[in-house]
Structures are given as C-alpha cells and as structure tokens.
Amino acid sequence: QVQLVESGGGLVQVGGSLRLSCAASGRAFSNSVRGWFRQGPGKERGFVAAISWSAGTTSYADSVKGRFTISRDITKNMVYLQMDSLKPEDTAVYYCARKNLNGRPWRQAQEYDSWGQGTQVTVSS
C-alpha cells in the first residue's frame, strides 16, 4: 500500500501562486502514474493533472493547461503541482493519487488506488 500526504495548500489572492507537494511512501513507484484531483464546494472530484513516474509524461485538464505544472522528484519520491494565475474557480480541496501505469485512463478517479487526505486551496477575489 502506498501512503500519500499532501501539503502546501492555503489562502491566496486571484492571480497568485501556490505549490502543492505530495510525499509518498510504500511500494515501488516505477510503473505508476501520480495524479492531482480537486473537489470544489458542491462539485464532484475532478481531474487536474497527472504524470507518469518513470518517463515524466504529463496530462492536464483543459481548465488548468498553461497555468498549472505537474512535476516529480524521483530522488525524493515527491510530486508537485505548481499553480499560477489562480482563479476563484480553482478553490477546492486538492488530492494526490496514485495508479498503475496500465494503459487505462489517467483522468478517471476510479482508476486510482491510493489517495491522500487532501489540502485546501482557497482563492479570494
């Protein structure tokens, strides 16, 4: 089992930036994908970004493309989500997740088998 712990959330003004971090421990990560999802008030949990652990291939939701950047540090077993040009609609609880790299979709939450507890991001206008 993989344990995931997010950090870095907080309150930021419109146009500001935050960097979320996801620390992982447990089984090997080489054949995996790490993703970020978010759940805003009254909304379903939705895909934000994902990265393959070995190759570093990335995927982004259209709503964050060009503003958010996902990256990983293999030596530290960390995944990051750099969020720039934040908007009020980015307000949500952000979750880190992990799935096997198995050819199945990256954007569906049900494909992920490990989740962190979430970190709150609030963008004020």
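Sequence order sets the numbering: in each chain, residues are counted from 1 along the sequence as written. Totals for whole chains, interfaces and linings use all residues, but because this is a predicted model, local features are given only for residues with pLDDT of at least 70 and pairs of side-chain atoms are given and counted only at 80 or more. Excluded from the side-chain calculations are hydrogens and water; all other atoms, namely the structure's heavy atoms, are used.

1. Some thoughts on the overall build of the chain
Step number 1: Every helix listed is a DSSP run of H or I at least four residues long, and every strand listed is a run of E at least two residues long, numbered separately from the N terminus. On a plain count of helices and strands, the chain comes out with zero helices and eleven strands.
Step number 2: Going residue by residue from the N terminus, the α and β elements of the chain occur as β-β-β-β-β-β-β-β-β-β-β.
Step number 3: Scaling as 2.2 N^0.38, a compact globule of 125 residues should have a C-alpha radius of gyration of about 14 Å, and the chain matches this with 13 Å.
Step number 4: Projected onto the principal axes, the alpha-carbon positions of the chain cover approximately 40 × 25 × 25 Å.
Step number 5: Burial status follows relative accessibility: with a 1.4 Å probe on protein chains alone, a residue under 20% of its type maximum counts as buried, one over 50% as exposed, and anything between as partly exposed. A burial count over the chain gives 45% of its 125 residues as buried. The globule rule is 2.2 Å times the number of residues to the power 0.38, and the radius of gyration it is compared with is taken over C-alpha atoms.

2. Some words on the pattern of salt bridges
Step number 1: Any carboxyl oxygen of Asp or Glu that lies within 4 Å of a side-chain nitrogen of Lys or Arg is treated as forming a salt bridge with it. Under the counting rule described, the total for this entry stands at five salt bridges.
Step number 2: Taking the shortest distance from any N to any O, the salt bridge between Arg67 and Asp90 comes out at 2.7 Å. In this pair, Arg67 sits in the loop between strand 6 (58-60) and strand 7 (68-73) while Asp90 sits in the loop between strand 8 (78-83) and strand 9 (92-100), placing the two residues 23 residues apart along the sequence. With respect to burial, Arg67 and Asp90 carry one shared label: buried.
Step number 3: The closest approach of N and O atoms between Asp113 and Arg98, which form a salt bridge, is 3.0 Å. Remark: Arg98 occurs in strand 9 and Asp113 occurs in the loop between strand 9 and strand 10 (114-115); sequence separation between them is 15 residues.
Step number 4: Given the relative accessible area of 37%, Asp113 is considered partly exposed.

3. Observations concerning the side chain of Ser21
Step number 1: With respect to the helices and strands, the residue Ser21 is situated in strand 3 (residues 18-25).
Step number 2: Ser21 sits in the buried class, given a relative accessible area of 11%.
Step number 3: Any pair of residues with heavy atoms lying within 4.5 Å of one another is described as a contacting pair. Apart from residues lying up to four places away in sequence, Ser21 is in contact with Val5, Glu6, Ser7, Trp36, Met78, Val79 and Tyr80.

4. A look at the nonpolar core
Step number 1: Among buried residues, the Ala, Val, Leu, Ile, Met, Phe, Trp, Tyr and Cys ones that are joined through side-chain atoms within 4.5 Å form a nonpolar core. Among the nonpolar cores identified, the biggest contains 34 residues, and Trp36, Leu81, Met83 and Tyr94 are the most heavily contacted of them.
Step number 2: If you list the elements that add at least two residues to this core, you get strand 3, strand 4 (32-39), strand 5 (46-52), strand 7, strand 8, strand 9 and strand 11 (119-124).

5. Structural notes on the pairing of strand 3
Step number 1: Judged from the five bridges that link them, strand 1 (residues 3-7) and strand 3 form a sheet pairing that is antiparallel. Each bridged residue has a counterpart across the sheet, and for Glu6 the counterpart in strand 3 is Cys22.
Step number 2: In this scheme, strands are said to pair when DSSP sees at least two bridges between them. Examined bridge by bridge, strand 3 and strand 8 share six bridges and lie antiparallel to one another. Within strand 8, the position partnered with Leu20 by the bridge is Leu81.

6. Here we look at the sheet that holds strand 1
Step number 1: One open sheet holds the four strands; their spatial order is 1-3-8-7, and the pairing between them is antiparallel. Here the strands that pair on one side only, and so sit at the sheet edges, are strand 1 and strand 7. The sheet shows a mean angle of 15° between the axes of neighbouring strands, direction not considered.
Step number 2: Bridge count between strand 7 and strand 8: six bridges; the pairing is antiparallel. Looking across to strand 8, one finds that Arg72 is bridged to Val79. In this description, a line fitted to the C-alpha atoms serves as the axis of each element, helices being fitted only across the stretch in contact, and the angle between N-to-C directions of two axes falls anywhere from 0 to 180 degrees.

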